[in-house]
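# Examining the three-dimensional arrangement
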Amino acid sequence: MAMAPDGSALAVGGTSAGDWAVRRITATADGAPTVTPVKALPPVPARIDQPVLGGGRLGYATTADANALPGLYEHDLAVTGAPTPGLRTLRHRLVEDAPQLTALGDGRTAYRSGQGVSSPNGDGGVRWTHTPSPLTSLVSASGRYAVVNAEDGKQYVTDFEDFNGSSEVLTRPRQTAAALWGSTLWKPAAATGSIDSYDLKTGRTTPAVNTGSGCVPSALQAVGRWLYWECATTKAGVFDLTAKKNIAAPLGGKLGDGFVVTRTADGRLRLTDLLQDGATADFSAPGVTVGNWAVDAYGGPVAYTDPEQRIHLKPTGIARQATTVVESEVDGTARASGNTPWNARFLLSRPVTRWTVAFTDNRGRTVATRTGTAREGAQIAPSWDGKDAKGDIVNGGRHTWTLSTDAGDGTGVRKTASGTLYLYGAKTPHRDYDGDGYGDVMTFTTGGTLHTHQLGTNGSDSRTQSGGWPTASTFVPYGDLTGDRCNDVLVRDATGALDRYDGSCAGAVKPAGPRTRIGTGYWQYNALTSPGDLTGDGRPDLIARHHTTSDVFLFAAKADGRLAAPVKIRSNWKAYTHLVGAGDLNGDGHGDLLARSAAGELFRYDGTAAGQFKERVLLFTKWGIGYKEIAGVGDVSGDGRPDLIVRDTAGGVFRNEGDGKGGFGARRALTTGWQGYKSLF
């Protein structure tokens with residue numbers, strides 16, 4: 001502002017960068033100031049401070065909107081082709097001077113803020129990490145973690161996702177060079193010139209790598225296989241963790257995926273190609289004096305500003321590494337019957353154009369897929385509600401998920417990660433009565449108490465029980481007849497009446513629990529068992545053998561939870577001492593039956609979708625001598641394949657693991673002392 005000869009004041013300014021002018025300020029008759037333009041001036045470019053790039057998202061601080069506080073603005077960039085910026089978004093107002101903007105790769109930007117680090121979220125909120133002492137610098141940040149130096153001389157690693165009060169993950173007594181790549185913290189090792197890594201989740205430290213520098217690094221950066229190090233102002237290099245060699249690099253560089261970018265004293269950017277053993281070339285536009293600049297460590301381009309405060313975005317043209325998972329949080333369980341889906345979060349090494357998660361059951365069959373393009377930076381967050389493409393809930397139990405991604409660069413779809421989960425509250429697996437995905441063994445005492453047992457592979461026994469049953473009761477473990485996704489139990493009383501007791505997925509059914517009379521006259525059958533679905537309608541069916549003729553009958557399940565009239569499917573099966581409904585043993589989707597002869601031969605009858613069995617297949621000879629009971633209890637070992645449980649006359653309990661192809665392995669002892677049970681089934 002200046003005083004004019006006429007006593008008015010002259011000032012330069014305007015309501016926006018496009019309204020810039022010399023303006024005269026005078027007073028009206030009543031003393032009020034009035035402003036009139038004197039001379040229009042060219043628009044003044046707003047200063048772009050601290051550009052950052054991470055996972056295809058550009059951020060920077062600027063006062064372009066004439067607000068007194070600078071704003072943190074962001075643009076999403078095109079993943080393929082030219083890195084064209086999308087619409088500008090105001091993420092947050094910055095109240096700190098020189099806040100050290102740092103891209104996290106997951107769509108967020110972190111910055112130093114008093115006694116912690118702040119990171120605005122897309123929902124308008126701000127995540128904040130706290131340290132015991134005010135910060136002096138933000139050393140490194142990646143995904144959910146940040147490394148900071150504080151005034152107390154210590155170095156802290158903090159976690160944006162820690163909501164339990166203290167966000168400190170690690171406190172280091174000395175401030176050293178440090179670099180984060182996801183949950184991996186790289187730092188100087190004990191030996192001079194060496195670097196090791198510490199996993200913030202597992203607490204494991206890797207063996208040190210010798211960079212050959214002969215000095216203790218003063219600065220570190222990490223991007224996948226690449227480790228950039230500097231030793232004060234003397235020398236720098238990049239250690240290739242894959243090729244296990246060091247590559248010379250300029251001082252003051254910023255590390256990307258396969259390259260280092262530096263700024264020369266006269267304002268030019270130089271690119272060092274790590275895949276070409278450190279070959280260096282000019283990178284920025286000729287004749288442009290570069291101001292601020294940034295590198296996208298997560299597979300993106302380089303950004304720099306010119307004197308007119310324009311932002312230039314330029315790809316390096318260097319081949320990037322295949323997409324990998326940098327850091328993740330993945331649920332190990334999900335519940336289809338409640339509002340507890342499977343959720344996952346994957347911070348990838350680069351943004352992708354499309355991702356797919358395939359879910360396979362314990363037989364390797366794909367039961368559902370989830371595909372999407374949504375991302376935040378290089379982070380994706382798939383979810384699964386336990387349903388298939390038709391919206392039907394799939395079978396519960398153990399499932400495998402496989403993440404595949406397409407980077408959109410012509411390399412195609414790549415398998416990126418995989419893992420397992422247990423789905424609860426879904427269609428209950430064969431013989432699962434407590435909803436945990438494992439098959440259960442049932443026993444009955446002479447005193448009228450029914451138990452369901454989950455037998456661990458180490459012999460552990462987790463059980464539920466219900467007393468007060470008539471001691472003449474005969475129990476038939478069954479599948480879900482009512483459609484509530486909990487397995488039911490059929491109980492025959494002393495008169496031959498058959499009742500359905502509705503399961504609750506909470507263990508043993510109770511005498512006073514919900515029940516429905518579904519038939520009478522079942523006293524005439526000396527074997528009752530359910531192999532699963534034999535008719536192809538998805539409902540479990542009943543097999544019964546007549547006690548005089550030894551003919552075998554099918555009682556098909558009906559939609560109302562009852563049983564249809566019997567249909568004879570086999571004649572004169574008196575040679576068999578045991579008939580065991582075993583579930584789907586061979587993975588064809590139909591229930592199967594096991595039959596043991598008095599001579600110790602064990603046969604498998606494969607079920608069909610037509611209410612019949614195929615011809616028998618011999619599994620064992622001289623098998624089961626001394627066995628009192630044989631039960632097909634579903635998957636008790638956790639491998640997704642139906643198993644057998646047997647009890648011998650001495651009370652020993654054994655497991656034969658199913659192989660998923662219709663056969664079984666050798667028996668393994670589980671426990672002893674079960675001779676007190678009246679029956680096992």
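Residues numbered from 1 in each chain as written. Predicted model: local features only at pLDDT ≥ 70, side-chain atom pairs only at ≥ 80, totals over all residues. Heavy atoms only, no water.

Per an unreviewed UniProt entry, the protein is named VCBS repeat-containing protein, and its organism is Streptomyces candidus.

Attention now goes to empty space enclosed by the protein. Counted under the stated rule, the structure contains one cavity of 30 Å³ or more. Considering only enclosed or pocket space, the largest cavity measures out at about 30 Å³ in volume. Lining the largest cavity, in full, are Val52, Gly54, Arg57, Ala103, Gly107, Arg108 and Thr109. A per-class count over the lining of the largest cavity returns two nonpolar, three polar and two charged. (1 Å grid on protein atoms, 1.4 Å probe; cavity = no way out; pocket = protein on both sides within 12 Å on 5 of 7 lines; lining within 4 Å. Points joined across faces, edges and corners; volume = space filled by probe spheres on them. Nonpolar A, V, L, I, M, F, W, Y, C, P; charged D, E, K, R; others polar.)

To continue, consider the pattern of salt bridges. For the structure shown, the criterion picks out 37 salt bridges. Taking the shortest distance from any N to any O, the salt bridge between Arg57 and Asp76 comes out at 2.7 Å. Here Arg57, found in strand β6 (residues 57-62), pairs with Asp76, found in strand β7 (residues 71-76); they are 19 residues apart in sequence, far enough to count as distant. Judged by relative accessible area, Arg57 falls into the buried class, the value being 9%. The class of Asp76 is partly exposed, set by a relative accessible area of 35%. Between Arg91 and Glu74 there is a salt bridge whose closest N-O contact spans 2.7 Å. Taken together, the residues Arg91 in strand β8 (residues 89-93) and Glu74 in strand β7 connect sequence positions 17 residues apart. By relative accessible area, Glu74 is classed as buried at 3%. (Salt bridge = Lys/Arg side-chain N within 4 Å of Asp/Glu carboxyl O. Helix = DSSP H or I, 4+ residues; strand = E, 2+ residues; numbered from the N terminus. Buried < 20%, exposed > 50% of the residue type's maximum accessible area, 1.4 Å probe, protein only.)

A few words now on the sheet that holds strand β26 (residues 259-263). Strands sit in the order β25-β26-β27-β28 across an open sheet of four strands; the sheet is antiparallel. Each edge of the open sheet carries a strand with a single partner, namely β25 (254-256) and β28 (279-282). Averaged over all neighbouring strand pairs, the angle between strand axes comes to 25 degrees, with direction disregarded. Bridging between strand β27 (residues 269-273) and β28 involves four bridges; their strand directions are antiparallel. The residue bridging Asp273 from the neighbouring strand is Ala279, located in β28. (Pairing = 2+ DSSP bridges. Axes fitted to C-alpha atoms, helices over the stretch in contact; angles between N-to-C directions.)

Another aspect to go through is the nonpolar core. Trp181, Ile195, Leu227, Tyr228, Val238, Leu255 and Leu274 are the most contacted members of the largest nonpolar core, which has 28 residues in total. Contributing elements (two or more residues each) for this core: β17 (179-181), β21 (219-223), β22 (226-231) and β23 (235-240). With residues near it in sequence (within four places) discarded, Ile195 still touches Trp186, Lys187, Pro188, Ala189, Ala208, Val209, Thr211, Leu220, Leu227 and Trp229. Counting residues in hydrophobic clusters, the runner-up holds 21 residues, among them Val352, Val357, Ala368 and Trp384. (Core = buried A, V, L, I, M, F, W, Y, C linked by side-chain atoms within 4.5 Å. Contact = heavy atoms within 4.5 Å.)

Of note in this structure, Gln50 is not a glycine but carries a positive phi near 50 degrees. Tracing the sequence through the fold places Gln50 in strand β5 (residues 49-53). Phi at Asn572 is positive, roughly 55 degrees, even though this residue is not glycine. Of note, Asn572 is situated in the loop between β51 (567-570) and β52 (576-583). Classification of Asn572 by relative accessible area gives partly exposed; the value is 44%.

What follows concerns the layout of surface pockets. There is about 910 Å³ of room inside the second largest pocket. When contributions to the lining of the second largest pocket are tallied by element, the ones reaching two or more residues are β5, β9 (102-103), β13 (135-142), β17, β21, β22, β25 and β29 (293-295). The element that contributes the greatest number of residues to the lining of the second largest pocket is β21, accounting for five residues.

In this section: the state of the cysteines. Tallied over the entire structure, the rule returns two disulfides. Between the sulfur atoms of Cys215 and its disulfide mate Cys231 the distance is 1.7 Å. Taking the sign of the torsion about the S-S bond as the criterion, the disulfide between Cys215 and Cys231, at about 70 degrees, is right-handed. Highlighted residues: Cys215 in the loop between β20 (209-210) and β21 and Cys231 in strand β22, separated in sequence by 16 residues. In terms of burial, Cys215 and Cys231 fall into one category: buried. Across a sulfur-sulfur distance of 2.1 Å, Cys486 and Cys505 are joined as a disulfide pair. (Disulfide = S-S within 2.5 Å.)

As a further point, take the sheet that holds strand β57 (residues 643-648). One open sheet accounts for four strands, arranged β56-β57-β58-β59; its pairing is antiparallel. Both edges of this open sheet fall to β56 (627-634) and β59 (664-671), since each of them pairs with a single strand only. Averaged over all neighbouring strand pairs, the angle between strand axes comes to 25 degrees, with direction disregarded. Relative to β57, β56 is paired through six bridges, and the arrangement is antiparallel. Bridging across to β57, Glu629 finds its partner in Arg647.

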